[in-house]
Amino acid sequence: MIPLSWYLILAAALFCIGLFGVLGRRNAIAILMGIELMLNAVNINLVAFWRYRAAEGIAGQAFAIIVFAVAAAEVAVGLALIISIYRRRNSVVADDINLMKG
Amino acid sequence: MTIDTLIWLIPLPPLLAFFVIVLFTNRHRALSHSIAIGAALLSWLGSMVVFFRALQVEHFGEHPFGSQINWLQTGDTWFKIGVLIDPLSAAVIFFVAWTVLMIFVYSVGYHNYGQPKGDHDRKGLPPHGANVVDAHLHKHQVPSIEPMYSRFFAFIGLFAFGMYTLVISDNLLTLFAGWEVMGLCSYLLIGFWYGKESARAAAIKAFITTRIGDVFMLLGIAYLYSATGTLTFREIFAEETLAHLASTPAVGGFLGLSAAGMIGILLFIGTIGKSAQWPLHVWLPDAMEGPTPVLAMIHAATMVSAGVYMVIRMFPLLSAGAEHGALTSPMLVMSFIGAFTALFAATIAVAQNDIKRVLAFSTISQLGYMIAALGIGAYVAAAFHLITHAFFKALLFLGSGSVIHGMEHGVLHTGDHSVDPQDMFNMGGLRKKMPITFWTFLIGGFALSGFPLITAGFWSKDEILADAFGHGHWAVFLTLALAALLTAFYTMRQITLAFLGQPRTEAAKHAHETPWTMTLPLVVLAVFAIGYGWVGIPEHFPVIGGLLPNWFHEFVGGTLAHHPEAVAFSRWPLLTSLVVALGGLGLGWLTYRHYKAGAQDPLQKLLGPLHKVLQSKYYFDELYDKVFVKPVYWIADTFTNQWMDRGVIDGFLHAVSRLMLGIGPILRNYFDKPVVNGIGDFFGEGSKKLGRSMRVLQPGKVQSYMLAAMVLAFGTLFYYIYRLLRP
């Protein structure tokens, strides 16, 4: 059976890729995709820990499903925001969106 | 209702009428005068009831009506006020009630009730007349209604309240209150036409002149109260109180007077002011500035009588300590001032041309008569003359008002406004135009002159002369006899100039008899001007003496503790009064019967430069102006205004303000700016600076926030791992 650490390494790698996407990309949609990757990395961790450490319960799966639901909602809202911003400013570059500059 | 309660109620209706008119009915003329006359009628009714009840009481002097209430607590006793109707006040309230009622009725006609409004009439000025067009399309100028009609009735209502209060008072304090209410009213009424400069000046003059007397009177009242502890007449007039006052020397031994003498003189100075005796007589002639006859009549027949009434009332005090036949100091002062004033004012009256000014001086002169009579101890005669004079002088003033009113009608009719409707030399022949006024004026004039036997004035004047003669006061007797001669002369001069002969101006030709509201009071008063004398015919008078009982002497004499003896009859004073009355009247008629319009006054030819002096009233106004008025103005301007006000007070204020101006910048520069502003600025500017330096933390880029969040998250994570791994 594949040891737990493999899953954790995979999840960490996925998280790092997502993090890079969030911090490194300029495109807002790409940033959103990076966030999705990070969320899914967390899901892998949740499911992996559940399977190896607490298979008798369902908490791990339940958490993972909640994260899916949250991610779906977040994407829906995030994409709507991005479309709205695009309509107003004709751009989806994150650096251009600086209305909150102090 | 008991008679005592009724006495309390007598003064109230006119007071209520005053308030009702002032507060509610000011705009409704008919309602206002109805209320005022109704109130006067109620008071009149009450007075008559009281008077006739008083007649039914035997020895009324010892058992007068009256009641008292506790009014003010003074230490452990009460200051009491109350009402008192004794024979004297019963006799006085009788004439007050009649004359007041007559004035009220007369005022309706005098202020042109029922006439149209004038085109140019303004409040504060006499009505100028109105233009009307009659059925034949003729234009007429007719008298117009007084613009402040209701106000007049309110004022005379208050006036009547003052007079009634004064008469029914049983103590000097409420008497003084009534006295001052009348002082106020006379000010208000003299200045009634306040749009005229002269009326304003006359109002102030009357107020200030009488105030001089009032101050002394108040001093006298205060002295009396401190000496006896009471102001109630019946307590003051108790034998032992009077004896005590007469034997105590005055404060500081002033001029060797007794306390009674001092108080008497102080009170008498009040009368000098109120009754316009020399040297405070100057206000009364000027008081004619008010709504002429009505006001003049109030001043002549009502208010000035109050001064005489007060001294008659205080006679037991004034005469306290008199030995047989000798006069006390107040009585000496009174007989001198009274006799002097009687002659002095009569000489002035001779040279006046204004019909009501003659009467004003005649009033001063007649009041002097009463004062002189009281001064020589002729108590009953003074009271008798007070009452008969009130009736016939009221009649004369109302008559003169009627004449002026008729003349004004003529002036308006002819449109010649240069004719003075009050100047007797512009009249003449009014006998045919105004018959009722003529006959009543004639009766009043003859009463004033003392026309023998039929008029009231004869009996009262004769009694005074008889008293002066009988007690051997020769100087007073001769002065008064001379004054009586002049009185008869100027009265006849007045009647001849105004009523007899032919009209001397167009206005006099078109003069018109006045409405019934004015003539009715004249007729009523004329009845009294004749009839009232018959109640006081001396018993020993030849032929008719004793036909009628000498009721007045018995009744009023009963007021005093010692019933005064009627003076023995002597033919000399009787002959004197016959000669002066008839002689004066005859001389007046002879001098003026052929007077032609525009000619010189015959008297002017006779007297030469003296006439001018008399006409100018011995220059008393000018003298007072120089001696009192001008210096007061000078002090007011130079001392009070320039030195005191501008120099001292303003100087002090300016110094303070300069000091403040100096302190201000110091505080500003060394406290306000550095400390107060500094603290404020520190917080304001500090927050701004802090904000500016924190600005860089808010780049507005979402990724840099995330980066920061990540760094913080990792930092926290590593910190906890480090804490966990540390041994």
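Residues numbered from 1 in each chain as written. Chains lettered and ligands numbered in written order. Predicted model: local features only at pLDDT ≥ 70, side-chain atom pairs only at ≥ 80, totals over all residues.

Another point: the overall build of chain B. The number of helices and strands found in chain B is 28 helices and four strands. For 727 residues, the compact-globule estimate of 2.2 N^0.38 gives 27 Å, and the C-alpha radius of gyration of chain B, at 37 Å, exceeds that figure by more than 25%. In chain B, buried positions account for 50% of the 727 residues. (Helix = DSSP H or I, 4+ residues; strand = E, 2+ residues; numbered from the N terminus. Rg over C-alpha atoms; globule rule 2.2 N^0.38 Å. Buried ≥ 20, exposed ≤ 12 C-beta atoms within 10 Å, placed from the backbone.)

Of regular secondary structure, chain A possesses three helices and zero strands. What you see in chain A, going N to C, is helices and strands ordered as α-α-α. Its C-alpha atoms put chain A at 50 × 25 × 25 Å along the principal axes. Contacts in chain A between residues far apart in sequence, at least 24 positions, make up 48% of those at least 6 positions apart. (Contact = placed C-beta atoms within 7 Å.)

Residues and elements named next belong to chain B. Close contact between helix α3 (residues 29-56) and helix α5 (residues 149-168) brings their axes to 8 Å; oriented N to C, the two are set at 15°. In terms of their interaxial angle, α3 and α5 are classed as roughly parallel. Note on packing geometry: the crossing formed by α3 with α5 is left-handed. Residues Arg29, Ser32, His33, Ala36, Ala39, Ala40 and Ser43 of α3 touch α5, and the partners they reach there are Tyr149, Ser150, Phe153, Ile156, Gly157, Ala160 and Tyr164. Here the residues of the contact of α3 with α5 are counted per class, giving eight nonpolar, five polar and one charged. (Axes fitted to C-alpha atoms, helices over the stretch in contact; angles between N-to-C directions. Parallel < 35°, antiparallel > 145°, perpendicular 65-115°, else oblique. Left-handed = near helix turned anticlockwise from the far one by under 90°. Nonpolar A, V, L, I, M, F, W, Y, C, P; charged D, E, K, R; others polar.)

Next up on the list: the domain arrangement of chain B. All names here are of chain B. Structurally, chain B comprises domain 1 (3-126 + 143-615) and domain 2 (616-727). Here the C-alpha centroids of domain 1 and domain 2 sit 71 Å apart. In this complex, domain 1 contributes five residues to the contact, which on the side of domain 2 involves six residues. Per element, the largest residue contribution to the side of domain 1 that touches domain 2 is three residues, and it comes from helix α26 (residues 609-615). By residue class, the composition of the side of domain 1 that touches domain 2 is three nonpolar, one polar and one charged. (Domains from an automatic or database assignment.)

Let us now look at α5(B). For α5(B), with 20 residues, the first-to-last C-alpha span of 29 Å sits near the 28 Å given by 1.5 Å per residue. Here α5(B) lies mainly inside the structure; 19 of its 20 residues are buried. (Expected span 1.5 Å × (residues − 1).)

On to the interface of chain B and chain A, then. On the side of chain A, ten residues touch chain B, which itself brings ten residues to the contact. A breakdown of the residues in the side of chain B that touches chain A according to their chemical character gives five nonpolar, three polar and two charged.

Looking now at the nonpolar core. All names here are of chain B. Core analysis: the biggest nonpolar cluster contains 215 residues, and Phe391 and Leu480 have the highest contact counts within it. For this core, the element with the highest residue contribution is helix α16 (residues 379-414), accounting for 21 residues. Those residues in contact with Phe391 that sit more than four places away from it in its chain are Phe95, Ala456, Leu525, Phe528, Ala529 and Tyr532. (Core = buried A, V, L, I, M, F, W, Y, C linked by C-beta atoms within 7 Å.)

Residues and elements named next belong to chain B. Pairing of strand β3 (residues 130-133) with strand β4 (residues 139-142), which is carried by four bridges, proceeds in the antiparallel orientation. Directly across from Asn131, in β4, lies its bridge partner Gln141. Connecting β3 to the antiparallel partner β4 that follows it, the hairpin turn spans five residues, and Leu137 within it adopts a positive phi of roughly 65°. (Pairing = 2+ DSSP bridges.)

This brings us to the environment of Val627(B). Residues and elements named next belong to chain B. Here Val627 lies in helix α27 (residues 620-694). The class for Val627 is exposed, based on 10 C-beta atoms found within 10 Å. Between the alpha carbons of Val627 and Leu343 there is a distance of 24 Å; along the sequence they are 284 residues apart.

All names here are of chain B. In this structure, Pro279 follows Trp278 across a cis peptide bond, with omega equal to 5°. Within the secondary structure layout, Pro279 lies in the loop between α10 (259-274) and α11 (283-286). Positive phi, normally seen in glycine, also occurs at Ala276, with a value near 55°. By the secondary structure assignment, Ala276 is in the loop between α10 and α11.

With that out of the way, let us pick up the confidence of the model for chain B. Residue and element names in this part refer to chain B. Confidence in the prediction for chain B averages 86 pLDDT; 98% of positions are at 70 or higher. Averaged over each element, pLDDT in chain B is lowest for β4 (76) and highest for helix α2 (residues 12-23) (92). Model confidence for the complex: the whole-complex pTM is 0.76, and ipTM, which rates the interface, is 0.80. (pLDDT = per-residue confidence, 0-100.)

This next bit is on α16(B). Look at α16(B): 51 Å from first C-alpha to last across 36 residues, which is about the 52 Å you get at 1.5 Å a residue. Count one or two residues on from α16(B) and you reach Gly415(B), which has phi positive near 75°.

So, on to the packing of α2(B) against α5(B). Residue and element names in this part refer to chain B. Remark: α2 packs on α5, axes separated minimally by 7 Å, with the N-to-C direction vectors making an angle of 155°. Taken as axis vectors, α2 and α5 run roughly antiparallel relative to one another. Crossing of α2 over α5 shows left-handed handedness. Residues Pro14, Leu15, Ala17, Phe18, Ile21 and Val22 of α2 pack against Ser150, Phe153, Ala154, Gly157, Leu158, Ala160 and Phe161 of α5.

Right, let's talk about the pairing of strand β1 (residues 65-74) of chain B for a bit. All names here are of chain B. Among the ten residues that make up β1, one are buried, leaving the element largely open to the surroundings. Judged from the nine bridges that link them, β1 and strand β2 (residues 77-85) form a sheet pairing that is antiparallel. Across the sheet, the residue bridging to Gly66 is Leu84, located in β2. In this antiparallel pair of consecutive strands, β1 and β2, the connection spans two residues, and Gly75 shows a positive phi of 65°.

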